[in-house]
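Results of the structural survey
Residue-level listing of the chains:
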Amino acid sequence: MDWTDLIDAAFDVAGNSSSDTRATALRTVEASVAPDEKPVASTAGRHPDHFRKGVLVLTTHRLLFLKDGKPPVPVPLSAVTDATVTRTRINGEVLLVVALTGSHRFEDVVKAEVFAEQVRAAARLARNAVQQVQAGPAAAPAAPAASGAELLDQLERLAALHASGALTADEFSRAKQRLIG
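The rules we used
- Residues numbered from 1 in each chain as written.
- Predicted model: local features only at pLDDT ≥ 70, side-chain atom pairs only at ≥ 80, totals over all residues.
- Heavy atoms only, no water.
- Pairing = 2+ DSSP bridges.
- Helix = DSSP H or I, 4+ residues; strand = E, 2+ residues; numbered from the N terminus.
- Axes fitted to C-alpha atoms, helices over the stretch in contact; angles between N-to-C directions.
- Phe/Tyr/Trp six-rings, centres within 6.5 Å; stacked < 30°, edge-to-face > 60°.
- Buried < 20%, exposed > 50% of the residue type's maximum accessible area, 1.4 Å probe, protein only.

Digging into the sheet that holds strand 6 (residues 92-99)
Across the sheet, 3 strands lie side by side as 5-6-7; this open sheet has antiparallel pairing. A single partner strand is all that each edge strand has here, and the edge strands are strand 5 (80-88) and strand 7 (102-106). For this sheet, the mean angle separating the axes of adjacent strands, direction not counted, is 15°. Note: strand 5 against strand 6, 8 bridges, orientation antiparallel. Following the sheet pairing, Thr88 is matched in strand 6 by Gly92.

Given below as structure tokens:
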């Protein structure tokens, strides 16, 4: 799945067929994508401050809410501590994402439970990657040699964490040396 497919699928679910809105959302996301950031999932939902639905985009690094071409407010996945779903008569399925940066509430979310599980899983992966890097080489168990593709994926994840500010230059350098051996 690429960024265009992800945005198109989410806007289809949101019931927004405007090609201008889709193109603006795609440009907004692509302009802020980290080099190794990949699309994971998307769904439609409504922020409590907006009447019309927008798009929730989950990437390998963060959660974004896109609405009417406005700049997205990113929620770094390494900061997400929980994602829960409640159901109300007025607001439908409500997704509450709790992060170190604050809590974020999205209402009338399509397939909220599935999306919440995807957010929780992606957040666990992001936190584990940060913890492994911060633990340093002494705490890391000796791992069998990774294949070239696995090593490249791990290096890309580390670079993304460094680019997002989750790792300092020193932590990034130590983790990279540990991976390369």
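Topic: the packing of aromatic side chains
Summed over all chains, the structure comprises 1 aromatic pair. Between Phe65 and Phe106, the aromatic rings sit 5.4 Å apart at their centres with planes inclined by 35°, giving tilted as the arrangement. Taken as a pair, Phe65 in strand 3 (residues 62-66) and Phe106 in strand 7 lie far apart in primary sequence, 41 residues in all. Judged by its relative accessible area of 11%, Phe65 is buried.

By themselves, these observations are geometric and do not establish any function.
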